[in-house]
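If you want the building blocks of each chain, they are given just below.
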Amino acid sequence: MSLKEEIAKRRTFGIISHPDAGKTTLTEKLLLFGGAIQTAGAVKSNKIKMHARSDWMEIEKQRGISVATSVMGFNYNGIKINLLDTPGHQDFAEDTYRTLSAVDSVVMVIDCVKGVEIQTEKLMEVCRMRKTPVICFINKLDREGRDPYDLLDEIEAKLDIKVRPLSWPISMGKTFKGVYSLFGKSLHLFQPSKNKIENKGLNIEDINDPRIDEQIGANDAAQIREDVELIEGVYPEFDVNEYLAGNIAPVFFGSAVNNFGVRELLDSFIKLAPPPKARETEERIIEPNETKFSGFVFKIHANMDPNHRNRIAFIRICSGKFERGKTYHHVRADKKIRFSNVTAFMAQEKELVDEAWPGDIVGLYDTGNLKIGDTLTEGEKVTYKGIPSFSPEIFKEVVNKDAMKTKQLDKGLNQLMEEGVAQLFTYELGSRKVVGTVGALQFEVIQHRLKHEYGATCDFMSMNLYKACWISSKDKKKLNEFVDSKFRHIAKDKDGKLVFMAESRSWLTMVQDNFPDIEFHFTSEF
Ligand code: G4P
């Protein structure tokens with residue numbers, strides 16, 4: 001197959017949701033369709049439940065498992081689907097943000113009882129930033145949920161994206177009958193089944209077809225006709241280009257646990273979702289069909305074996321063909337690098353691969369050369385954009401507990417930060433080191449790993465900080481003046497970029513007003 005054909009048949013995506021909306025269940029059903037697993041329950045083990053909040057050892061235990069489910073590849077109707085797993089636990093939101101940099105589209109799961117929840121809002125913000133196309137799956141229709149029209153209004157209001165229903169539910173909860181697909185022009189009757197592969201549905205082009213009455217009764221038939229008429233009247237015709245541009249989210253309804261609506265979602269997904277697209281580097285835009293390989297590291301998984309510091313770097317292939325054993329250029333280090341141990345992810349098995357194509361993810365065994373955001377090429381010096389750091393929410397100062405192990409502590413901290421466990425800021429004044437995270441759990445993880453993998457012990461001292469703001473200015477002199485006047489509050493991030501450590505929102509606003517020539521950014525890429 002040619003490079004062009006390989007690209008055309010690939011769909012690389014992620015599922016996002018608030019915990020408990022049904023992401024794991026939907027993943028599992030999709031894998032059942034793809035023949036990647038045979039029984040339900042196989043993916044469940046990857047799930048970190050909310051009660052694990054305080055039990056982070058549980059999370060460590062999951063690390064090994066989650067490598068296997070990090071990327072799930074399967075074939076469906078001639079399409080190679082790569083589903084990238086995103087951690088459900090909110091403390092690992094950074095991981096999810098980075099994974100979203102490696103996908104071409106997203107399926108967003110919303111619980112019809114709970115509606116739009118906070119984690120969905122945050123994740124949608126990241127999708128909007130990158131204009132990632134989003135398909136929405138409203139789940140749990142077997143339960144008494146909210147009115148579907150209200151749900152759609154809420155999605156538009158809270159997630160700031162237009163929606164277009166492509167299917168519509170017939171009743172809900174105990175009286176749930178199924179959905180009518182406006183996209184596929186078919187009627188799908190609800191039959192709860194946890195493990196069965198769902199039927200294709202009844203092809204019904206005309207909503208006035210009397211077969212609808214026969215199937216669901218006159219009352220529900222009248223209701224669905226009214227709903228379809230209303231939808232076709234209120235919402236503009238679905239424009240796939242608007243979806244691809246990230247402006248409109250098509251909406252489907254179903255019940256993942258009952259394997260209902262999943263086939264319709266998948267069939268529509270392979271028709272609508274984009275194959276790998278051109279991607280931006282600092283230097284130029286790279287098309288996927290350029291013959292030379294390029295890709296970037298979006299995730300590093302370490303600590304598989306505490307005795308050996310081996311890690312797997314996950315590479316998203318963006319252009320050309322990747323070949324095992326070939327020497328590639330590691331742009332940041334300006335070094336040649338060769339990987340003979342390359343893993344691809346099909347089903348839940350890891351397997352050795354010889355080649356991979358744009359849209360694919362490969363896992364490279366690495367001994368510490370690669371870090372998140374690194375670009376690999378066949379020689380060209382380009383750096384992929386799109387993996388910004390976001391300002392952390394919690395900040396703590398690192399206090400070294402064993403002066404004899406300073407070197408180990410520094411090394412450990414650096415390596416953990418390269419894996420993306422947290423962010424490190426070093427103050428200009430006194431070289432104080434501050435770790436910033438999204439969740440509280442990471443501090444325990446860091447302490448544990450520093451001790452067990454690097455033999456270093458540290459404490460964390462709470463700090464009263466509101467945000468880390470990356471700063472820039474068109475006027476170099478003004479920037480220097482600002483840094484001089486606020487030197488107590490200036491730190492550098494892991495790449496040496498200048499960061500202003502703001503203590504409170506009101507103070508930040510004041511500083512922003514006083515220094516109009518300085519730009520304050522809440523992400524490291526601007
Ligand atoms: P998550 O990955 O988004 O966190 O959610 P997950 O799939 O684990 O689903 C959360 C809960 O919602 C699970 O129940 C799951 O069975 C249930 N669920 C998923 N889809 C549907 C659906 O369509 N209808 C209904 N009624 N429930 C659904 P649990 O009790 O937490 O787990 P389990 O004991 O069922 O495994």
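Computed from a prediction, not measured in an experiment: that's the story for all the values here.

**Focus on the overall build of the chain**
Each helix and strand in the chain was counted, giving 14 helices and 31 strands. In the chain, buried positions account for 56% of the 526 residues. Considering only contacts within the chain whose residues lie at least 6 apart along the sequence, 71% involve residues at least 24 apart. Accessible surface for the chain amounts to roughly 22600 Å². Of this, 48% is attributable to carbon and sulfur atoms.

**Structural notes on the confidence of the model for the chain**
On average, residues of the chain score 88 in pLDDT, and 89% of them are at 70 or above. Taken as a whole, residues 45-54 scores under 50 in pLDDT and shows 23 contacts with residues more than four places along the chain or in a different chain.

**Brief notes about the site of the ligand**
Looking at the ligand, there are 19 residues lining it, with Asp20, Thr24, Thr25, Asp142 and Ser255 nearest. Between the ligand and Ala21, the relevant distance is 3.3 Å, taken from an oxygen atom to a main-chain nitrogen or oxygen of the residue. One nitrogen or oxygen atom from the side chain of Ser255 is found 2.7 Å from an oxygen atom belonging to the ligand. Sorting elements by how many residues they give to the shell around the ligand places helix α2 (residues 23-33) first, with three residues.

**Observations concerning the sheet that holds strand β7 (residues 167-170)**
Strand order in the open sheet formed by four strands is β7-β8-β9-β10, with antiparallel pairing between adjacent strands. Both edges of this open sheet fall to β7 and β10 (202-203), since each of them pairs with a single strand only. Sheet analysis places strand β8 (residues 178-181) next to strand β9 (residues 186-189), joined by four bridges and oriented antiparallel. Bridge assignment links Tyr180 to a residue of β9, and that residue is Leu187. Sitting on the sheet, helix α8 (residues 218-234) is in contact with β7 and β8, with an inclination near 155 degrees to β7.

**What about the sheet that holds strand β27 (residues 458-462)?**
Within the open sheet, the eight strands sit side by side as β27-β24-β26-β25-β29-β30-β28-β31. Their pairing is antiparallel. The strands lining the two open edges of the sheet, one partner per strand, are β27 and β31 (519-521). Put simply, the sheet's adjacent strands are angled 40 degrees from each other on average, direction ignored. Inspection of the sheet shows strand β24 (residues 394-400) paired to β27 by five bridges, in the antiparallel sense. Note that in β27 the partner of Lys396 across the bridge is Ser462. Against the sheet, helix α13 (residues 476-485) contacts β28 (467-472), β29 (490-492), β30 (498-502) and β31, and its axis sits at roughly 145 degrees relative to β28. Lying over the sheet, helix α14 (residues 505-514) contacts β28, β30 and β31, oriented at roughly 130 degrees with respect to β30.

**Here's the deal with the side chain of Asp267**
Take Asp267: it is sitting in helix α10 (residues 262-272). Buried within the structure, Asp267 lacks any salt-bridge partner; Arg263 is the closest side chain of opposite charge, at an N-O distance of 4.6 Å. Ignoring anything within four residues of it in the chain, the contact list for Asp267 reads Tyr76 and Asn77.

**Notes on the pattern of salt bridges**
Following the criterion strictly, the structure yields 39 salt bridges and no others. For Arg284, the salt bridge identified is with Glu290, shortest N-O distance 2.8 Å. According to the relative accessible area criterion, Glu290 is partly exposed, its value standing at 22%. The residue Lys492 makes a salt bridge to Glu428 at a minimum N-O spacing of 3.9 Å. With Lys492 in strand β29 and Glu428 in the loop between β25 (423-427) and β26 (433-437), this residue pair connects regions lying 64 residues apart in the sequence. Residue classification places Lys492 among the partly exposed positions, given a relative accessible area of 32%.

**Notes on the pairing of β24**
Bridging between β24 and β26 involves four bridges; their strand directions are antiparallel. Residue Lys396 lies in a different strand from β26, and its bridge partner there is Val435.

**Section: the packing of helix α4 (residues 93-100) against helix α5 (residues 118-130)**
Where α4 contacts α5, the axes come no closer than 10 Å and their chain directions differ by 30 degrees. Classified by the angle between their axes, α4 and α5 sit roughly parallel to one another. α5 is crossed by α4, and the crossing has right-handed handedness. Listed contacts from α5 to Ala93, Thr96, Tyr97 and Leu100 of α4 are Gln119, Lys122, Leu123, Val126, Cys127 and Arg130. Partitioned by chemical class, the residues of the contact of α4 with α5 number six nonpolar, two polar and two charged.

**Quick word on the nonpolar core**
In terms of nonpolar packing, the biggest core is built from 79 residues, with Ile138, Ile155, Ile224, Phe322 and Val362 touching the most fellow members. Tallying contributions element by element places strand β15 (residues 311-319) first for this core, with six residues. When residues of this core are assigned to domains, at least three fall in each of domain 1 (3-272) and domain 2 (279-377). Membership of the second largest hydrophobic core comes to 30 residues, among which are Ala21, Leu26, Phe33 and Tyr243.

**Details of the environment of Gln442**
Here Gln442 is to be found in helix α12 (residues 441-454). Sequence separation between Gln442 and Ala422 is 20 residues; the distance between their C-alpha atoms is 7.1 Å. For Gln442, the contacting residues outside a window of four places in its chain are Asp91, Phe92, Val421 and Thr437.

Criteria and cut-off values
- Residues numbered from 1 in each chain as written.
- Predicted model: local features only at pLDDT ≥ 70, side-chain atom pairs only at ≥ 80, totals over all residues.
- Heavy atoms only, no water.
- Helix = DSSP H or I, 4+ residues; strand = E, 2+ residues; numbered from the N terminus.
- Buried < 20%, exposed > 50% of the residue type's maximum accessible area, 1.4 Å probe, protein only.
- Contact = heavy atoms within 4.5 Å.
- Areas by Shrake-Rupley, 256 points an atom, 1.4 Å probe, with all protein chains shown as cover.
- pLDDT = per-residue confidence, 0-100.
- Near = heavy atom within 4 Å.
- Polar contact = N/O pair within 3.5 Å; in protein donor to acceptor, adjacent residues only side chain to side chain.
- Pairing = 2+ DSSP bridges.
- Axes fitted to C-alpha atoms, helices over the stretch in contact; angles between N-to-C directions.
- Lys, Arg positive; Asp, Glu negative; His and termini not counted.
- Salt bridge = Lys/Arg side-chain N within 4 Å of Asp/Glu carboxyl O.
- Parallel < 35°, antiparallel > 145°, perpendicular 65-115°, else oblique.
- Left-handed = near helix turned anticlockwise from the far one by under 90°.
- Nonpolar A, V, L, I, M, F, W, Y, C, P; charged D, E, K, R; others polar.
- Core = buried A, V, L, I, M, F, W, Y, C linked by side-chain atoms within 4.5 Å.
- Domains from an automatic or database assignment.

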